[in-house]
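Residues per chain are reported as follows:
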Amino acid sequence: MAYAAFRSIGAYVPEKILTNEDLSVMVDTTDEWITKRTGIKERHIAAKDEYTSDLGVKAAQKAIERSGVALEDIDMIITATISPDYFCMPSTATIISTKLGLKNVTAFDISAACTGFVYILSIAKAFIESGMKKNILIIGAEKLSAITDYTDRGTCILFGDGAGAAMICATEDKSEAIIDVHTGADGEYADLLMTPNGGSGSAHDTLGQEASSCFMQMKGNETFKVAVRTLTKDVKEILADNDIASDDIIHFVPHQANYRIIKAVGDALKLREEQVVLTVGKFGNTSGASIPMAINDIYESGKLKKGELMLLDAFGGGLTWGSALVPFSPNN
Ligand code: UT7
């Protein structure tokens, strides 16, 4: 039987930094409020002519190089994004595949908001275990600044741009394999976090209007409460299902939405500070890109070693949620 191994990681953030001080000139907020309520100090913002696919390509190039997989051996590419280059079509994954020079790949995007990376991890795992594909490039890439309302202090302080990518490859060695991935969704909470305009549900109202009608809207405080509840339940379930104790987790890599959410979930699992990966302070919330960017952060700082077990945990618009137990399994 084929198993799916998490072989490599890569990430990219655009050059420009938007600080809390910058935002306090744009809306009625302060560095103190943002830091205390979210843990965010700054976020990166893509240039006008830098698209989500460009961020994804740069992250993917690092993941491919670190995996040692030849370009011609990549047989699938999946992108998780809520800020694609173009709404509807073409998919950002197809644009990335062409920019990378990939031929003969299956390429598509999925929309699961901040849970996107966990969703594409589960899809890659299933394709590999079924024997249909061998080397799958998964990418979380977001240019959230393109769908953020910079007059709304409830959302514009949170989001940033960036991308993270991983190579998921077939292996016969079970000790290298992704152990489990859980995914879930509940459309009853759709109105907590959404881009209400721009789709077929509102086309008659918005055709020909400004792009500003497609900005994200969030009921922040309600989302916060559901996030803590859902994330905690989800990680407890995946640990219990696989008979793994929270002490066995070397790196807890949660979606980076808000320091207070991460702290509440970490405390509920009785995790020690050194187990919890935190990048929200320097990148903000980058939705589907946040988990691979955080994994890349511990990889590049030398903290992530071969064989170490990661617990991923995400929550986002939809609502969607997901968790995964993933040993880091590079070739060398
Ligand atoms: O990634 C997907 C999932 N997303 C999340 O999980 C995000 C979840 N939500 C959050 O992170 C938090 O709810 C926020 C950071 C968005 C807001 O923090 P909060 O502690 O829930 O604040 P709140 O919305 O309850 O607002 C408290 C007060 C309000 O003023 P009053 O009514 O008490 O006078 C807000 O108007 O803070 C005010 N406020 C602000 N003040 C300064 C809201 N935003 C700001 C701001 N600066 N940026």
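The structure displayed is predicted, hence computed values, not measured ones.

Strand order in the open sheet formed by 5 strands is β1-β7-β6-β4-β5, with mixed pairing between adjacent strands. Because the sheet does not close on itself, it has two edges, and the strands there are β1 (3-12) and β5 (106-110). Direction aside, the axes of adjacent strands within the sheet are offset by 20° on average. In this structure, β1 lies alongside strand β7 (residues 161-171), joined through 9 bridges in antiparallel fashion. When the bridges of β7 are listed, Ser-8 appears paired with Met-167. The strands touched by helix α3 (residues 52-67) are β1, β6 (135-143) and β7; relative to β1, the strand with the most contacts, the crossing angle is about 125°. Its contacts with the sheet put helix α10 (residues 290-300) on β1 and β7, and the angle it makes with β1 is roughly 85°.

On to the packing of aromatic side chains. Enumeration according to the criterion identifies 2 aromatic pairs in this entry. Look at Tyr-299 and Phe-328: their rings are 5.8 Å apart centre to centre, the planes differ by 65°, and that puts the pair in the edge-to-face class. Note that Tyr-299 is positioned in helix α10 and Phe-328 in the segment after β13 (320-327), a separation of 29 residues in sequence. Feature note: the residues Phe-6, Tyr-299 and Phe-328 constitute an aromatic cluster, connected by ring pairs.

Before going further, it helps to examine the sheet that holds strand β11 (residues 251-254). The sheet built from 4 strands is open, its strands ordered β8-β13-β12-β11 with mixed pairing. Edge positions in the open sheet fall to β8 (180-185) and β11, since each of these has one partner strand only. On average, each strand axis in the sheet is tilted by 10° relative to the strand beside it, whichever way the strands run. Relative to strand β12 (residues 309-316), β11 runs parallel, the two being bridged by 4 bridges. What sits directly across from Phe-252, in β12, is Leu-311. Lying on the sheet, helix α5 (residues 116-129) is in contact with β8, β12 and β13; it crosses β8 at an angle near 125°.

The biggest cluster of nonpolar side chains holds 34 residues, and the ones touching the most others in it are Phe-6, Leu-121, Ile-138, Ile-168, Ile-295, Met-310 and Leu-312. Those elements that provide at least two residues to this core are β1, β4 (76-80), α5, β6, β7, α10, β12 and β13. With 7 residues, the top contributor of residues to this core is α5. What Met-310 contacts, discounting residues up to four positions off in sequence, is Phe-6, His-251, Val-253, Ile-295, Leu-304, Ala-324, Leu-325, Val-326 and Phe-328. If you look at the next biggest cluster of nonpolar residues, it comprises 23 residues, including Leu-239, Ile-244, Leu-269 and Leu-311.

Packing of helix α7 (residues 220-241) against helix α8 (residues 259-268) leaves a shortest axis separation of 9 Å and a crossing angle of 35°. Crossing angle aside, the handedness with which α7 passes α8 is right-handed. Contacts between α7 and α8 involve Phe-224, Ala-227, Val-228, Leu-231, Thr-232, Val-235 and Lys-236 from the first element and Arg-260, Ile-261, Ala-264, Val-265 and Ala-268 from the second. When grouped by side-chain class, the residues that make up the contact of α7 with α8 number 9 nonpolar, 1 polar and 2 charged.

Every one of the 23 residues lining the ligand counts as a neighbour, but Thr-29, Arg-37, Asn-221, Asn-258 and Asn-285 are closest to it. At 2.8 Å from an oxygen atom of the ligand is found a side-chain nitrogen or oxygen belonging to Arg-37. Asn-221 is positioned with one of its side-chain polar atoms (N or O) 2.8 Å from an oxygen atom of the ligand. Alone, the ligand offers 960 Å² of accessible surface; in the complex the protein occludes 73% of this. Comparing atom positions with the cavity grids shows the ligand to sit within the second largest pocket. Every element with two or more residues in the shell around the ligand is listed here: α2 (31-38), α7 and α8. For the shell around the ligand, the element with the highest residue contribution is α7, accounting for 4 residues.

The rules behind the values
Residues numbered from 1 in each chain as written. Predicted model: local features only at pLDDT ≥ 70, side-chain atom pairs only at ≥ 80, totals over all residues. Heavy atoms only, no water. Pairing = 2+ DSSP bridges. Helix = DSSP H or I, 4+ residues; strand = E, 2+ residues; numbered from the N terminus. Axes fitted to C-alpha atoms, helices over the stretch in contact; angles between N-to-C directions. Contact = heavy atoms within 4.5 Å. Phe/Tyr/Trp six-rings, centres within 6.5 Å; stacked < 30°, edge-to-face > 60°. Core = buried A, V, L, I, M, F, W, Y, C linked by side-chain atoms within 4.5 Å. Buried < 20%, exposed > 50% of the residue type's maximum accessible area, 1.4 Å probe, protein only. Left-handed = near helix turned anticlockwise from the far one by under 90°. Nonpolar A, V, L, I, M, F, W, Y, C, P; charged D, E, K, R; others polar. Near = heavy atom within 4 Å. Polar contact = N/O pair within 3.5 Å; in protein donor to acceptor, adjacent residues only side chain to side chain. Areas by Shrake-Rupley, 256 points an atom, 1.4 Å probe, with all protein chains shown as cover. 1 Å grid on protein atoms, 1.4 Å probe; cavity = no way out; pocket = protein on both sides within 12 Å on 5 of 7 lines; lining within 4 Å. Sits in = over half its atoms within 2 Å of the grid points.

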